[in-house]
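Reading the structure
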Amino acid sequence: MSRGVLQAVGLVRRYGGLTAVDHVDLVAPPGMITGLIGPNGAGKSTLFSLLTGVEQPDEGKVMLGTTDISKMRPDIRSRRGLVQTFQVPSLFPTLTVADNLLVGAENRRRDYAGGLLGLSAPGRGRTSRLAEGVLEKLGLAPKGPVTQVVEEVLESLGLSDVRDTIAGTLPTGALRLVEFARALCARPDILLLDEPASGLDAEETAKLSELLRRTAAEGVGILIVDHDVDLVFSVVDQVYAMVGGRVVASGDPQEVRGDPTVRSVYLAQAPLAAAASQPGEA
Ligand SMILES: Nc1ncnc2c1ncn2[C@@H]1O[C@H](COP(=O)(O)OP(=O)(O)OP(=O)(O)O)[C@@H](O)[C@H]1O
Ligand SMILES: [Mg+2]
């Protein structure tokens, strides 16, 4: 399957009189890390929800490669390679790390089954269970590739030691890593990361940063929202800054960081940790 560009085209989402996302155009290409920044209430999470299909736009569309995915359900988008991690890790707490990863891998297994039977891409969502059943009866179910992906991801993220640990017993840093690992097991073309560094210490954040670069180098497109502006600016290839539902600046991270609107509206209030450590500043 070709690795497609994720594109927001003129997206609008209104809540009553409030326009949370206001004619947003955004392109997240394969192999690149795209950042999305903005102050509280800028519309970042709403835009994420429109891209993943959790919310429907009032205007505009979402494209994945050459396909308009605007009307597709979130699970169908995910099977097509648009994979998300959540601000609150959404792992199954009573399952082992390896079993959590298997759940992630299962998503793409269905698509793989459809591909083996030569089903056209639009038909795969509906017929994949059938296809899977047929393949299983024929003894052709691709179990090998699924477990192989899990083992590869465990190994490459240094998680082999905790493969049989119950996920719910892990500390936050490890949980976030497992959440990321599970997303990788779905073999994403585009990975949407909502606050992946939240709750991580400096060392874990550095590790995440390196993982993001490695993942992008393998051709995966990444879209990241995070309040850690230093992480975002240090790791992204391009960045979009939103204020009041609109994109006010986009492009090269250094240029966006220097943009007067971004500086006055966002960066002035972003380094909260630094400000909090200065006596006398509210
Ligand atoms: N379901 C909803 N109903 C009504 N208003 C909403 C809803 N979801 C979001 N909003 C409003 O839309 C605007 C954008 O919210 P959103 O959560 O997208 O911002 P954000 O950039 O993610 O902010 P934060 O950095 O605080 O996470 C805000 O004014 C918010 O109050
Ligand atoms: Mg948000």
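Since the structure is predicted, the reported quantities are computational estimates derived from the model, not experimental observations.

Comments concerning the sheet that holds strand 9 (residues 238-243)
Neighbouring strands of a sheet are bound in pairs by backbone hydrogen bonds; such pairs are parallel or else antiparallel. Pairing in this open sheet of 6 strands is mixed, and the strands run 6-7-8-3-9-10 from one edge to the other. Sheet topology places strand 6 (82-85) and strand 10 (246-251) at the edges, where each strand pairs with a single neighbour. Taken over all neighbouring pairs, the strand axes of this sheet differ in orientation by 20 degrees on average, direction set aside. Direction of pairing for strand 7 (residues 190-194) relative to strand 8 (residues 221-225): parallel, over a ladder of 5 bridges. From the neighbouring strand, L192 faces strand 8, where its bridge partner is L223. Docked against the sheet, helix 1 (residues 44-52) engages strand 3 (33-37), strand 6, strand 7, strand 8 and strand 9, running at close to 150 degrees with respect to strand 7. Each of strand 3, strand 9 and strand 10 touches helix 10 (residues 260-267); the most contacted strand, strand 10, lies at about 120 degrees to it.

Structural notes on the pairing of strand 4 (residues 59-64)
Strand direction decides the pairing type here: strand 1 (residues 6-15) and strand 4, joined by 5 bridges, are antiparallel. Paired with V9 across the strands is K61, a residue of strand 4. Direction of pairing for strand 4 relative to strand 5 (residues 67-68): antiparallel, over a ladder of 2 bridges. When the bridges of strand 5 are listed, M63 appears paired with D68. Hairpin connection between strand 4 and strand 5: a loop of 2 residues separates the two successive antiparallel strands, and G65 in this loop has a positive phi of roughly 60 degrees.

With respect to helix 6 (residues 172-185)
With 14 residues, helix 6 extends 20 Å between its outermost C-alpha atoms, agreeing within 8% with the 20 Å of an ideal straight helix rising 1.5 Å per residue. With respect to burial, helix 6 is a largely interior element, 12 of its 14 residues being buried. Along helix 6, the residues classified as buried are G173, L175, R176, L177, V178, E179, F180, A181, R182, A183, L184 and C185. One or two residues past the end of helix 6 sits R187, with phi positive at roughly 45 degrees.

Examining the site of ligand 1
Y15, L18, A20, P39, N40, G41, A42, G43, K44, S45, T46 and H227 make up every residue found near ligand 1. Separating an oxygen atom of ligand 1 from a side-chain N or O atom of K44 is a distance of 2.6 Å. In the model, an oxygen atom of ligand 1 is placed 2.9 Å from a nitrogen or oxygen of the S45 main chain. The protein chains hide 58% of the 630 Å² of surface that ligand 1 would expose on its own.

Conventions used here
Residues numbered from 1 in each chain as written. Chains lettered and ligands numbered in written order. Predicted model: local features only at pLDDT ≥ 70, side-chain atom pairs only at ≥ 80, totals over all residues. Heavy atoms only, no water. Pairing = 2+ DSSP bridges. Helix = DSSP H or I, 4+ residues; strand = E, 2+ residues; numbered from the N terminus. Axes fitted to C-alpha atoms, helices over the stretch in contact; angles between N-to-C directions. Contact = heavy atoms within 4.5 Å. Expected span 1.5 Å × (residues − 1). Buried < 20%, exposed > 50% of the residue type's maximum accessible area, 1.4 Å probe, protein only. Near = heavy atom within 4 Å. Polar contact = N/O pair within 3.5 Å; in protein donor to acceptor, adjacent residues only side chain to side chain. Areas by Shrake-Rupley, 256 points an atom, 1.4 Å probe, with all protein chains shown as cover.

Geometry only, nothing functional implied.
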